[in-house]
Amino acid sequence: MTKIAKNTICLWYENDAEGAARFYAETFPDSSVGAVHRAPGNYPSGKEGDVLTVEFTVMGIPCLGLNGGPAFKHNEAFSFQVATEDQSETDRYWNAIVGNGGQESECGWCKDKWGISWQITPVALTKAFTSPDRAASKRAFDVMLTMRKIEIATIEAAFRG
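Heads up: these notes are all about the structure in this document.

About the cut-offs
Residues numbered from 1 in each chain as written. Predicted model: local features only at pLDDT ≥ 70, side-chain atom pairs only at ≥ 80, totals over all residues. Heavy atoms only, no water. Phe/Tyr/Trp six-rings, centres within 6.5 Å; stacked < 30°, edge-to-face > 60°. Helix = DSSP H or I, 4+ residues; strand = E, 2+ residues; numbered from the N terminus. Buried < 20%, exposed > 50% of the residue type's maximum accessible area, 1.4 Å probe, protein only. Lys NZ or Arg CZ within 6 Å of the ring centre and 35° of its normal. Pairing = 2+ DSSP bridges.

Some words on the packing of aromatic side chains
Given two aromatic rings, their pairing is described by the distance between the two centres and the angle made by the two planes.
Part 1 of the reasoning: Under the criterion given, the structure shown has 11 aromatic pairs.
Part 2 of the reasoning: Judged by centre distance (5.9 Å) and plane angle (75 degrees), the rings of Tyr24 and Trp114 are edge-to-face. Of this pair, Tyr24 sits in helix H1 (residues 17-27) while Trp114 sits in the loop between strand E7 (109-111) and strand E8 (117-122), placing them 90 residues apart in sequence. An identical accessibility class is assigned to Tyr24 and Trp114; each is buried.
Part 3 of the reasoning: Every member of this aromatic cluster is reached through a ring pair, and the members are Phe23, Tyr24, Phe28, Phe56, Phe78, Phe80, Tyr93, Trp114 and Trp118.
Part 4 of the reasoning: The residue whose ring lies beneath Arg92 is Tyr93, and the NZ or CZ to ring-centre distance is 5.2 Å.

Shown next as structure tokens:
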């Protein structure tokens, strides 16, 4: 038996926790799929032998996917925030999520096809927001509000004025 993490994020899926875990493992570094556990008996949204839970890691964060059925849906109150170093990395993650049945949202947010929210956040954006130059920060913030996927060159140009 492997050591159980003291704190694990449990994500509720309708019925494809394993597919989601495999997508995350293929898409993000330091991500993997661990044990897949099958239901020992019938349950409200499935039957004996169905995949019930999946242990996985997303960028070093331990997670458990639970195939709990359609009772609960994800929303933006929970999201994974991914700090990206450059536009290429930003584009790669954004395009992987949106291009695999996901959907774009505002200000660097998107949802994967399972309904999990992601913030694809370039480090340049975070630096602009946390700058002591509040006028420059506001310019970067204002231009970010017009974006879906964050375009680093546009953020940096707005910051410079």
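Things to note about the sheet that holds strand E5 (residues 79-84)
Part 1 of the reasoning: On the basis of which strands lie adjacent, the open sheet formed by 4 strands has the order E5-E8-E7-E6 and mixed pairing. Of all strands in the sheet, those bounded by a partner on one side alone are E5 and strand E6 (103-104).
Part 2 of the reasoning: For E6 and E7, the ladder comprises 2 bridges, and the chain directions are antiparallel. By the bridge assignment, Gln103 is partnered in E7 with Lys111.

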